[in-house]
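Single-letter residue listing:
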Amino acid sequence: MSVGIDDISFYSSGMYLPLTSLAAHNGENPDKYRIGLGQDRMSVPAQDEDIVTLAANAAHPLITEANRDQISTVLFATESGIDQSKAAGVYVHRLLKLGSNCRVVELKQACYSATAALQLACGMVARKPNDQVLVIASDIARYGLGTPGEATQGCGAVACIIKRDPRLLDVHPESGCYSEDVMDFWRPNYMDTALVDGKYSTMIYLKALRQSWKNYREDGGLAFDQFARFCYHLPFTKMAEKAHRKLAVTNGVSMPEELLERQIGAGLLYSRQIGNSYSAALYIGIASLLEHDGEDLSGQHIGLFSYGSGCVGEFFSGTVRPGYREYSRREDHLAMLEARQELDYQAYTTHFGRSCPQDGGTHDFAEEAAGRYRLAGVHDHKRVYTEVGE
Ligand code: CAA
């Protein structure tokens, strides 16, 4: 039985900062961000947006009357958790009006946890083939003003339906993991912004890639030259180029620019516009590949590398299903990104600088979010979510 991704949808906030504006303010050459990091824009969340509203907006298009009651589980991956106890997915479960006979849980391991969620979901469907699992990854990447990581900030959420005989991507059972206790990137509970040892984090990412690949091959995975395309975790798109070159060298394969572009280029387009979306980034990359690659990838194998600082890496793979293009959400995704409002540097600092009130009072937020779902306020330490028109 084949199990994998049947449908995929993502969402990002309705505002963005062009990185040329950030470069001008920071006194940097804009090419450092555009070419050196491979980023053009960063999505900026409004005060009435958080991981729950981003997630609900991403998942809403996937829920139909036909599948609403078949979704047995919601797995919510994030490293921007809003509560130490309650899973963010429980709010999403209500906003999407899913059935009450549905388990909901939150998973954390930095940017990696969506892949753990995907693997768990595949196992659940293999055990109960009529079930469908909704996997959501949602994050807001914040490093702080003036930090080296600032240009790689962003936000976004992705939602996937995992089921048997999927329409988009069969996920193979072979995989290779690599875990090591390192401090390359972390966010203590008392901080709003991440701490990161930037250069070290890129080295550990590449080490985790090499080791995960070795373990993937030992698990019976495909050889490098059997893959048509590759998608990598995308903290910034240049990282995927570094990763792909490293994997090619590991396999004794030369990687001219044209081959590099063909093998990873289409998967980078959305990330250049959104910035880092942590746990969602690899899966927004998969959507980008399936929606933008000029060739028909039906039947082709895709190599996938997931990385979460701290760290856990996993190399796994899938095969694109024949006819996948019929189920593309490309036009909706492009329209959503096109409709975003451009911010100047001053407005960006205002939006990104606001944190959620912690005093237990009654706080109602101005209507700024562009999506269907918004965080209307916080009352007595309780987040209040609404749907447009409610
Ligand atoms: N034109 C073209 N390129 C230029 C340039 C110019 N004018 N000026 C600089 N560059 C290039 C540099 O040569 C460099 O490229 P290489 O890495 O290929 O040499 C690139 O632009 C970046 O320049 P710096 O190395 O000087 O940049 P920096 O030190 O200020 O910051 C960073 C880079 C450390 C990655 C920083 O952005 C950062 O800390 N980011 C957050 C951490 C991160 O994303 N880590 C990735 C791995 S961890 C992970 O993947 C998990 C996760 O999601 C966080």
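Conventions we followed
- Residues numbered from 1 in each chain as written.
- Predicted model: local features only at pLDDT ≥ 70, side-chain atom pairs only at ≥ 80, totals over all residues.
- Heavy atoms only, no water.
- Buried < 20%, exposed > 50% of the residue type's maximum accessible area, 1.4 Å probe, protein only.
- Helix = DSSP H or I, 4+ residues; strand = E, 2+ residues; numbered from the N terminus.
- Pairing = 2+ DSSP bridges.
- 1 Å grid on protein atoms, 1.4 Å probe; cavity = no way out; pocket = protein on both sides within 12 Å on 5 of 7 lines; lining within 4 Å.
- Points joined across faces, edges and corners; volume = space filled by probe spheres on them.
- Nonpolar A, V, L, I, M, F, W, Y, C, P; charged D, E, K, R; others polar.
- Phe/Tyr/Trp six-rings, centres within 6.5 Å; stacked < 30°, edge-to-face > 60°.
- Lys NZ or Arg CZ within 6 Å of the ring centre and 35° of its normal.
- Salt bridge = Lys/Arg side-chain N within 4 Å of Asp/Glu carboxyl O.
- Axes fitted to C-alpha atoms, helices over the stretch in contact; angles between N-to-C directions.
- Parallel < 35°, antiparallel > 145°, perpendicular 65-115°, else oblique.
- Left-handed = near helix turned anticlockwise from the far one by under 90°.
- Contact = heavy atoms within 4.5 Å.
- Near = heavy atom within 4 Å.
- Polar contact = N/O pair within 3.5 Å; in protein donor to acceptor, adjacent residues only side chain to side chain.
- Areas by Shrake-Rupley, 256 points an atom, 1.4 Å probe, with all protein chains shown as cover.
- Sits in = over half its atoms within 2 Å of the grid points.

Peer 1: What is the right way to read the pairing of strand S16 (residues 373-379) from this model?
Peer 2: Residues in a regular strand point their side chains to alternate faces of the sheet. By the criterion of burial, S16 is predominantly enclosed, with 6 of the 7 residues buried. The sheet contact formed by strand S15 (residues 362-364) and S16 spans 3 bridges and is antiparallel. Within S16, the position partnered with aspartate 364 by the bridge is glycine 377. Between S16 and strand S17 (residues 382-387), which pair antiparallel and follow one another directly, the connecting turn spans 2 residues, one of which, aspartate 380, has a positive phi of 55°.

Peer 1: How should I be thinking about empty space enclosed by the protein in this particular structure?
Peer 2: Gaps between atoms show up when a probe of the same size as a water molecule is rolled over them. Considering all chains together, one arrives at 3 cavities of 30 Å³ or more under this definition. The space that makes up the largest cavity amounts to roughly 70 Å³. It is helix H10 (residues 281-292) that contributes the most residues to the lining of the largest cavity, 3 residues altogether. Residues belonging to the lining of the largest cavity are distributed by class as follows: 6 nonpolar, 1 polar and 3 charged. There is about 50 Å³ of room inside the second largest cavity. If you go around the second largest cavity, the residues you meet are Ala114, Leu118, Val135, Ile136, Ala137, Val158, Cys160, Ile162 and Tyr283. Grouping the constituent residues of the lining of the second largest cavity by class yields 9 nonpolar, no polar and no charged.

Peer 1: So what exactly am I meant to see when it comes to the packing of aromatic side chains here?
Peer 2: Here a ring pair, both rings aromatic, is described through the centre-centre distance and the interplanar angle of the planes. Enumeration over the complete set of coordinates arrives at 20 aromatic pairs. Note on tyrosine 143 and phenylalanine 185: the rings are 5.9 Å apart at their centroids and 75° apart in plane angle, and the pair reads as edge-to-face. In this pair, tyrosine 143 sits in the loop between strand S6 (132-141) and strand S7 (154-164) while phenylalanine 185 sits in strand S9 (residues 185-186), placing the two residues 42 residues apart along the sequence. By relative accessible area, tyrosine 143 is classed as buried at 9%. For phenylalanine 185, a relative accessible area of 9% translates into the label buried. Site record: aromatic cluster; members linked through ring pairs are Trp213, Tyr216, Phe224, Phe227, Phe230, Tyr232 and Phe315. Lying over the aromatic face of tyrosine 91, lysine 86 brings its terminal NZ or CZ to 4.3 Å of the ring centre. Positioned above the aromatic ring of tyrosine 327 is the side chain of arginine 167, whose terminal nitrogen or guanidinium carbon lies 4.4 Å from the ring centre.

Peer 1: It is not clear to me how the pattern of salt bridges should be interpreted in this structure. Could you clarify?
Peer 2: Working definition: two side chains of opposite charge can pair if their charged atoms are close together. Inspection of the entire model under this criterion finds 21 salt bridges. Aspartate 6 is paired through a salt bridge with lysine 163; the nearest N and O atoms lie 4.0 Å apart. Taken together, the residues aspartate 6 in strand S1 (residues 3-11) and lysine 163 in strand S7 connect sequence positions 157 residues apart. On the accessibility criterion, aspartate 6 (7% relative accessible area) is buried.

Peer 1: Looking at this structure, I do not really get the packing of helix H6 (residues 198-218) against helix H7 (residues 237-250). What am I missing?
Peer 2: A pair of packed helices is characterised by two quantities: the angle between their axes and the separation of those axes. Viewed as axis vectors pointing N to C, H6 and H7 meet at an angle of 40°, and their least axial separation amounts to 10 Å. Between H6 and H7, the interaxial angle falls into the category oblique. When the axes of H6 and H7 are compared, the crossing they make is right-handed. Contacts from Thr202, Tyr205, Leu206, Leu209, Arg210 and Trp213 of H6 reach H7 at Met239, Lys242, Ala243, Lys246, Leu247 and Thr250. The residue inventory of the contact of H6 with H7, partitioned by class, reads 7 nonpolar, 2 polar and 3 charged.

Peer 1: Explain the sheet that holds S16 to me, please; I cannot follow it from the model alone.
Peer 2: Whenever strands of a sheet pair, they do so through backbone hydrogen bonds, lying parallel or antiparallel. Taken in spatial order, the 3 strands line up as S15-S16-S17 in an open sheet, and their pairing is antiparallel. The outermost strands of the open sheet, each flanked by one partner alone, are S15 and S17. Here the average twist between neighbouring strands, direction ignored, is 25°. Sheet topology note: the S16/S17 ladder contains 6 bridges and is antiparallel.

Peer 1: Even after reading the chapter, I still don't get the site of the ligand, so can you show me in this structure?
Peer 2: Not every one of the 26 residues close to the ligand is listed here, only the nearest: Lys32, Lys199, Ser201, His233 and Lys242. Within the side chain of lysine 238, an N or O atom sits 3.4 Å from an oxygen atom of the ligand. Here the ligand loses 73% of its free accessible area of 1100 Å² to cover by the protein chains. The pocket occupied by the ligand, as judged from atoms lying within 2 Å of grid points, is the second largest pocket. Listing elements by their share of the shell around the ligand, those giving two or more residues are helix H2 (30-37), H6 and H7. A total of 5 residues in the shell around the ligand trace back to one element, the largest contributor, which is H6. Of the residues that constitute the shell around the ligand, the class distribution is 11 nonpolar, 10 polar and 5 charged.

By themselves, these figures tell us nothing about what the structure is for.
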